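The chain contents come next:
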Amino acid sequence: MMPSNMEMNLSVSDVLRILYISSLVVDLSFSPIRGVRPCLTLKATSVHAYGNEDTGLIDSIIDSEITRRTDAGHARFQKYMKSEHTPHLNGSVNHFRWVLDQCPVGHPDRAAALTNLAWVCLQGYIQEDLLDIDSTTALLREALALRPHGHPDHPLSLYHLTEALNWCHDDQDTTTAIRECAPLYHELGTYFCSITAGDKLVDYVIQACNDLPTDTSDEGIQLRRIVLENCPVGHQHRPDALSELALAVEARFDQHGSIDDLEESIQLGREVLSLFPEGHSDRDACLNDLALSLQSRFNNQGKSHDLDEAISLFEEGLRLRPIGHESRDISLDCLGLAILDRSKRHSDIDDINRAISLFREALTLRPPGHPIRGTTLNNLALALDTRYDELDTGEDLDEAINWYRESLQLTRHDDPERHLNLSNLSSTLCSRFTETRNNEDVEEAIDLCQQSLAALPSLHPDRYFSYIQLQEAYLSRYEVQDSPADLLLAMENFRLASRHPTQGFPNRIQTALNWVDAAEEHEHESVVEAYHTCLDLFDNHVMTRSSIISRRDAATAFDGARSLSVDAASCTIRRNDLQRAVELVEQGRGQQWSLASRLRTPLEDLESASLPLAHKLSELSKRLSDAQGSTGIVDRAAADRATTEYGRLTKEWDNVVVEIRDIPGLSQFLLPPSYEDLQAAASHGPVIIFNASKYSCDALIVPTSGQPHHVPFRFLALADLEMLKKDFAREIRHASLMGPTEPRKDLRVLLRKVWDVIMLPIVHVLQDVLELQDRSRIWLCPTAAFTSIPLHAANPFRKKVDRSGMEESLEDLYICSYAPTLSALIRSRQTMKTRVTPSFVAIGQSEPGAGQGEALLAVDSELKLVHKLIPATANPTTLSGSAATRAGALEALQNNTWVHLACHGKQDREQPYHSHFAMKDEPLTLLDIMDNNAPHAEFAFLSACHTAVGDEETPDEVIHLAAGLQFSGFKSVIGTLWVVDDAIAKYVVEAFYEEIFKYSKEGDHVMDCTRAAKALNHATYAVKKIVPLEQRIVFIHIGV
């Protein structure tokens, strides 16, 4: 003890060092302390430094009686701390309470009196000899208010209050105390940052901050960031600082759903793991934390590699926690949940059974009385409920309900996870209701969901699950009791769940798809809204992916996604909303192309309205396009960083687009096109959309002006189309084995069916309603199974009634072209405005590199033929042999306006972006072509196999080599639907080039790619006597 009437000169840092460095005991004296000279005068009544306890009291007391009672209070307190004898504590409290009574509001020593009493009470509370913590924190709050920022004892009061709030949080387990504590530590941490680096006091504050409970407030997370900034690489507390910040931002993600928080948590977790190599005692916990973050991202984003990595990390963590390890139960629970997530992807009963086994083992390690036994009970019930969904075993359902009920009983009403128990139990009760039709089950299920919603704020991500369970309950009851009110409530909860902004896209998309199914089944009026919600969610979800391939993977990951756009169109057609049907087909069918083309949008209109925004958008588009290359990164940490950067650029790009839409006249910039916008595709002739849905098969004719025309195929179902598609594939294979002069009778039968059932009703509208003249141009835009049927080749193959000749086929009547999307056709026409001096290159590869196919003997002769037919004004060149490499071909595509390609072509049906042309060294892929922006390109003839065949997984997305060339800039493309016989193809090639350049011989030297469709029509007719039917109709024209 120091005499109460003594004064000494100490710096604030010295005082705090003396008082608060645990394990440091300093004998006070008047000499300089630890070499630090006096800089601040404090009058101290006493100082207490007891063993390893962080205790201390310094305050200024003026009055002699106050001084005496203060000293007496300190003396009794010191005796209490040594003996833990409660009467000493009570005596100390009484002395300090008397002193406080003598220091009313306004008294200069009131802050000191408040602090002395509060500190003694806090120590008594810690020793469990006093029960009241709230009054102690109130005293310290008042003391802090009396020592504002700038007061020499302000940091001391900050520290006192944070200590009390920490004990308050630990014992009451509420977030209120820790939220109050966070900004105080933030301020205290800022003060300590000014102390010399390496000071023990800084380490103490860092450690104290790292020991704080997780706080998701902005202040709490900012404090974590300050702590991390003061723990550079190599600092002993850096791992803890990283871990605590990772936990805080992930906890904030759990509450608010911001993917940026989750991405940051994963990056931090990876750094933590790198600091704990194999063999480190703490590696198991780091593995577990990172795996949990990856699992959360899987649930939010649906990236399967995240779940695979999470399971791998959980497995490693479990191996590091063998039987007998104190944390084995945690690893068992976490691994079980991850494996259960995996089982839902593949309906894998083995995974479900393993998860159940893991949870049962964890339950043995959490016997009755264990503080988190309820968590494992909930997880086990979830696994049993999942197995019930797969196997329909009643015993599993009953056991799940029992475990859920026990888990709920063990969960306190203020537990932040209680809402999950409520909604999980609700789900199983709904399942039992559908089996037993016991009304009590569904009533309880609804009540549980309403309790769950009442416990959550409006934007909490988990409200989504309560909406889902409410929807399930109301829909189940409607299907039993047929109450319209229940159907209305079910649809409303579908709407709330699918639009809940803080839940991840995969869950919301699946809910919207279920909404569509339910609304279609029950013919509810919300069905169109459900389709729109689905398509919008898909667009937003897909754009979170940083590569073209990952976007397609995201779009094909859901059951029902393949037919979404055609089903949406069918829905609006059945409601006679034909314009919206055209819009929906375009939005769904062109999703992948439209998302890719956003970064190549012409900016002429924007430049005239705002040149700075145009430049900013152009720069961001380039950076985003470059960022798409991150798909090939193997290192997961690097890939995560690239994904985060892509997300940051996307947000910046989106913000610029929002600014642009505020400009008068540009409010629709990059929004899905309206019917009026899309009708521009029909400016040179009608566009015919073929829609194949499980609900109906139809055609929509978009005329040059006016409303769309509907042609229903009343006697054609989707199953009929699928069978027709298979029949064509079979007959094409069969025809390839026949001699060139053998009649293709079965193929002719199929083409006659296409004419009678599909094209003839359309021709009637074209002739009788639109009064379209013969030999006019038309564009075909097929979807789903229609994409695999040669619609352009429809032919009655029969004589006229008057026997005067054969009935006309579709290509006798009209010049047919195809359009991957209406937007693509419009874009091609718009870019035709700017033309450059034409140049022609013929690229051929007769001897492709290893693994790319056999030698093509007719390629070289075809190249010579083409060179001979091209007018000299086109500056024709040839690229073949060893020069026809991937890089050489790309350069030729970039630098020439007209291209002829003769080589192997392969459509990859599993991953269409890997479709390719075979070159000398390595394949020229569709991705290569799409990256090769060639705005001045005009025409390409693809004399190769399978260059215009669609994607099996996304048939409404025309993803093939010909469409890729059109995307890269070629306005007019000739492609092929199946295998081309290179020995026969040369006849079509010769007839085509002779026709398209015949005007050059007559003095017209303009190379016009808009003549390509007509020239192909002429060529296939000219060679009909020497080229078999399947080798004539294999060629199709795409574009302008």
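Residues numbered from 1 in each chain as written. Predicted model: local features only at pLDDT ≥ 70, side-chain atom pairs only at ≥ 80, totals over all residues. Heavy atoms only, no water.

1. Observations regarding the overall build of the protein
If you tally the helices and strands in the protein, you get 43 helices and 16 strands. Taken over 1040 residues, the protein has a buried fraction of 57%. Look at the contacts in the protein between residues 6 or more apart in sequence, and 70% of them connect residues 24 or more apart. As presented, the protein carries roughly 43,900 Å² of accessible surface, and 50% of it is formed by carbon and sulfur atoms. (Helix = DSSP H or I, 4+ residues; strand = E, 2+ residues; numbered from the N terminus. Buried < 20%, exposed > 50% of the residue type's maximum accessible area, 1.4 Å probe, protein only. Contact = heavy atoms within 4.5 Å. Areas by Shrake-Rupley, 256 points an atom, 1.4 Å probe, with all protein chains shown as cover.)

2. Some words on the packing of helix H20 (residues 463–481) against helix H22 (residues 505–521)
Axes are the key here: two packed helices are described by the angle between their axes and the distance separating the axes. Packing of H20 against H22 leaves a shortest axis separation of 12 Å and a crossing angle of 15 degrees. Comparing their axes, H22 and H20 come out roughly parallel. For the crossing formed where H20 meets H22, the hand is left-handed. Contacts from Tyr 464, Phe 465, Ile 468 and Leu 475 of H20 reach H22 at Asn 507, Arg 508, Thr 511 and Ala 518. (Axes fitted to C-alpha atoms, helices over the stretch in contact; angles between N-to-C directions. Parallel < 35°, antiparallel > 145°, perpendicular 65-115°, else oblique. Left-handed = near helix turned anticlockwise from the far one by under 90°.)

3. Structural notes on the packing of aromatic side chains
Counted by the stated rule, this structure contains 13 aromatic pairs. Centroid distance Trp 898 to Phe 939: 4.9 Å. Interplanar angle 50 degrees. Geometry classified as tilted. In this pair, Trp 898 sits in strand S10 (residues 898–902) while Phe 939 sits in strand S14 (residues 939–943), placing the two residues 41 residues apart along the sequence. You'll find Trp 898 and Phe 939 in the same group, each marked buried. Where Tyr 993 meets Phe 997, the ring centres are 6.1 Å apart and the plane angle is 10 degrees; that geometry is what we call stacked. The class of Phe 997 is buried, set by a relative accessible area of 3%. One aromatic cluster is present, formed by Phe 840, Trp 898, Phe 939, Phe 941, Phe 992, Tyr 993, Phe 997 and Phe 1035 through successive ring pairs. If you follow Arg 829 out to its NZ or CZ, it ends over the ring of Trp 779, 4.9 Å from the centre. (Phe/Tyr/Trp six-rings, centres within 6.5 Å; stacked < 30°, edge-to-face > 60°. Lys NZ or Arg CZ within 6 Å of the ring centre and 35° of its normal.)

4. Digging into the side chain of Arg 110
Mapped onto the secondary structure, Arg 110 falls in helix H4 (residues 110–126). A relative accessible area of 13% means that Arg 110 is categorised as buried. With near-sequence residues (within four places) excluded, Arg 110 lies in contact with Leu 100, Cys 103, Pro 104, Val 105, Glu 142 and Leu 146.

5. Notes on helix H25 (residues 564–574)
Extensive coverage of H25 is indicated by the burial of 10 of its 11 residues. Taken residue by residue, H25 has Leu 564, Ser 565, Val 566, Asp 567, Ala 568, Ala 569, Ser 570, Cys 571, Thr 572 and Ile 573 as its buried positions. Looking at the residues trailing H25, positive phi occurs at Asn 576, about 60 degrees.

6. Re the pattern of salt bridges
Taken as a whole and assessed by the stated rule, the structure comprises 42 salt bridges. Arg 68 is paired through a salt bridge with Glu 65; the nearest N and O atoms lie 2.7 Å apart. Placement of the pair is Arg 68 and Glu 65 together in helix H2 (residues 64–83), with a separation of 3 residues, close to one helical turn. Classification of Glu 65 as partly exposed rests on a relative accessible area of 29%. (Salt bridge = Lys/Arg side-chain N within 4 Å of Asp/Glu carboxyl O.)

7. Focus: the sheet that holds strand S11 (residues 905–906)
With antiparallel pairing, 3 strands are arranged side by side in an open sheet as S11-S12-S13. Every interior strand has two partners, whereas the edge strands, S11 and strand S13 (924–925), have only one. In terms of strand pairing, S11 meets strand S12 (residues 916–917) through 2 bridges, oriented antiparallel. The partner of Gly 905 across the bridge, within S12, is Phe 917. (Pairing = 2+ DSSP bridges.)

8. Focus on the pairing of S14
Taken across its 5 residues, S14 has 5 buried, putting it largely inside the fold. Residue alternation in S14 divides its side chains into two sets, Phe 939, Phe 941 and Ser 943 and Ala 940 and Leu 942, and both sets are buried. Where S10 lies against S14, 5 bridges are found, and the strand directions are parallel. Residue Val 899 lies in a different strand from S14, and its bridge partner there is Ala 940. Pairing between S14 and strand S15 (residues 972–976): 3 bridges, direction parallel. When the sheet's bridge partners are listed, Ala 940 is paired in S15 with Val 973.

9. Focus: the confidence of the model for the protein
The predicted model of the protein averages 84 in pLDDT, with 86% of residues at 70 or higher. Within the protein, the element-level pLDDT minimum falls on strand S2 (residues 41–43), averaging 28, and the maximum on strand S5 (residues 709–712), averaging 98. Segment residues 1–61: pLDDT under 50, and 139 contacts once partners within four positions in sequence are set aside and those in other chains are kept. (pLDDT = per-residue confidence, 0-100.)

10. Regarding the pairing of strand S6 (residues 777–782)
In terms of burial, S6 is a largely internal element, 6 of the 6 residues being buried. Because side chains alternate across S6, one face comprises the buried residues Arg 777, Trp 779 and Cys 781, and the other comprises Ile 778, Leu 780 and Pro 782, equally buried. Where S6 and strand S7 (residues 815–818) come together, 4 bridges link them in parallel fashion. Among the inter-strand pairings, Leu 780 is bridged to a residue of S7, identified as Tyr 818.

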